[in-house]
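As a plain string of letters, each chain reads:
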There are 2 protein chains.
Amino acid sequence: MTRTTQGETCGLGAALDVIAGKWKPTIVWQLHARPLRFGELRRLVPGISEKILFEQLRQLEADGVVHRRDHAEVPPRVEYSLTPAGAALNTAVHALAEWGTRHGRAARAQAALAESTG
Amino acid sequence: MTRTTQGETCGLGAALDVIAGKWKPTIVWQLHARPLRFGELRRLVPGISEKILFEQLRQLEADGVVHRRDHAEVPPRVEYSLTPAGAALNTAVHALAEWGTRHGRAARAQAALAESTG
DNA sequence: ACAAGTACTTACAATTACGTAAGTGCTCCT
DNA sequence: AGGAGCACTTACGTAATTGTAAGTACTTGT
């Protein structure tokens, strides 16, 4: 999205640059409990392609949100986990998630339905 | 970004659908204090084109975040303001913004610089 | 020998978001 | 009469993001 050209007054732009990929929130969410291998992550995020998963992991790594640990074994074993910054991001994101549940598109559709139904 | 096809376990996807446009955070931020007219908004968000501003306002309106009040005058006068949901979103977004200031790309670059310089 | 799994990697196509430029009908100002 | 401002609206083009399909080198299981 490359929002960095804008002179955002606060860090919001920077945060959105990090988390606003189509699959990134899901990836971070899956990692919040324990480290996961590439294949596990692929299975836990249904619909994502290997290429995209890999790309977004690289970006999250570059942004200091996930840590990549290569065990240098054969067959390959690589574990992805959240850095402290990643864990903090996961926390910071909870307020947004709650807003989504309460006011987001789906929630509003539900509310409208409830209103019309009775 | 159309994340809605994904079965997000929480409302995060919904929230990001609403706020993740390139200019949307800035727009919402500008509206947090007082209602603004289209032209005011355009001047307060330098770099945005009329088309994009209009599009993103429409989406924010459809998502229940901003309210559009047409005074039905001539020359036209239209005021945009935050709905209660919009105000809540603005609040929810603060945690993210703070994360950005502390851990975001720019902040990390700064930190790295400070480390190498002194 | 052959299929399947590991974690990537490449080339290319499709989709989506964003941007540029111009036009609409109206009124006020000079 | 000419220009500027209001709030849009349209047509079209570019750039970014995501997706599809296949291939790499290696090992394990049948």
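Residues numbered from 1 in each chain as written. Chains lettered and ligands numbered in written order. Predicted model: local features only at pLDDT ≥ 70, side-chain atom pairs only at ≥ 80, totals over all residues. Heavy atoms only, no water.

### Considerations on the nonpolar core
- Counting residues in hydrophobic clusters, the biggest one holds 56 residues, and the most contacted among them are Ile27 and Val65 of chain A together with Ile27 and Val65 of chain B.
- Isoleucine 27 of chain B has contacts with Leu41, Ile48, Leu53, Gln56, Leu57 and Leu60 of chain B, leaving out every residue within four places of it along the chain. (Core = buried A, V, L, I, M, F, W, Y, C linked by side-chain atoms within 4.5 Å. Buried < 20%, exposed > 50% of the residue type's maximum accessible area, 1.4 Å probe, protein only. Contact = heavy atoms within 4.5 Å.)

### Topic: the side chain of lysine 24 of chain A
- In this structure, lysine 24 of chain A sits in helix H2 (residues 24-31).
- Non-local contacts of lysine 24 of chain A, meaning those with residues more than four positions away in its chain, are made with Asp17, Val18, Ile19, Gln56, Gln59 and Leu60 of chain A. (Helix = DSSP H or I, 4+ residues; strand = E, 2+ residues; numbered from the N terminus.)

### Comments concerning the relation of the copies chain B and chain A
- Each copy superposes on the other: chain B lies on chain A with an RMSD of 0.3 Å after a rotation of 179 degrees and an axial shift of 0.0 Å. Taken together, the rotation and translation relating the two chain copies correspond to the operation of a two-fold axis. For chain B, the residue whose C-alpha comes nearest the rotation axis is alanine 20 of chain B, separated from it by 3.2 Å. (Least-squares fit on C-alpha atoms with pLDDT ≥ 70 in both.)

### What about the packing of helix H1 (residues 12-19) of chain A against H2 of chain A?
Residues and elements named next belong to chain A.
- Taken N-terminus to C-terminus, the directions of H1 and H2 make an angle of 80 degrees; their axes are 8 Å apart at the nearest point. The orientation of H1 relative to H2 falls into the category roughly perpendicular. Across the interface between the two elements, Asp17, Val18 and Ile19 from H1 touch Lys24, Pro25 and Val28 from H2.
- Per-class residue counts for the contact of H1 with H2 are 4 nonpolar, no polar and 2 charged. (Axes fitted to C-alpha atoms, helices over the stretch in contact; angles between N-to-C directions. Parallel < 35°, antiparallel > 145°, perpendicular 65-115°, else oblique. Nonpolar A, V, L, I, M, F, W, Y, C, P; charged D, E, K, R; others polar.)

### Regarding helix H1 (residues 12-19) of chain B
- For H1 of chain B, a buried count of 8 out of 8 residues is recorded, marking the element as mostly surrounded by other parts of the structure.
- The set of residues buried in H1 of chain B consists of Leu12, Gly13, Ala14, Ala15, Leu16, Asp17, Val18 and Ile19 of chain B.

### Topic: unusual backbone geometry
Residue and element names in this part refer to chain A.
- In the segment running from valine 74 into proline 75, the intervening peptide bond is cis, with an omega of 5 degrees.
- Within the secondary structure layout, proline 75 lies in the loop between strand S2 (66-70) and strand S3 (78-82).
- The phi torsion at alanine 72 lies on the positive side, around 50 degrees, for a residue other than glycine.
- Mapped onto the elements, alanine 72 comes out in the loop between S2 and S3.
- Given the relative accessible area of 70%, alanine 72 is considered exposed.

### Quick notes on the pairing of S3 of chain A
Residue and element names in this part refer to chain A.
- Of all 5 residues in S3, 4 are buried, a share of seventy percent or more.
- Both strand S1 (residues 36-37) and S3 contribute to a ladder of 2 bridges, which runs antiparallel. Within S3, the residue paired with leucine 36 across the bridge is tyrosine 80.
- Of the pairings in the sheet, the one linking S2 to S3 comprises 5 bridges and is antiparallel in character. In the sheet register, aspartate 70 faces S3, and the bridge partner there is valine 78. (Pairing = 2+ DSSP bridges.)

### So, the side chain of glutamine 56 of chain B
- Examined against the element boundaries, glutamine 56 of chain B turns out to sit in helix H4 (residues 50-62).
- Residue glutamine 56 of chain B is classed as buried on the basis of its relative accessible area of 11%.

Any functional reading would require information beyond the geometric quantities listed.
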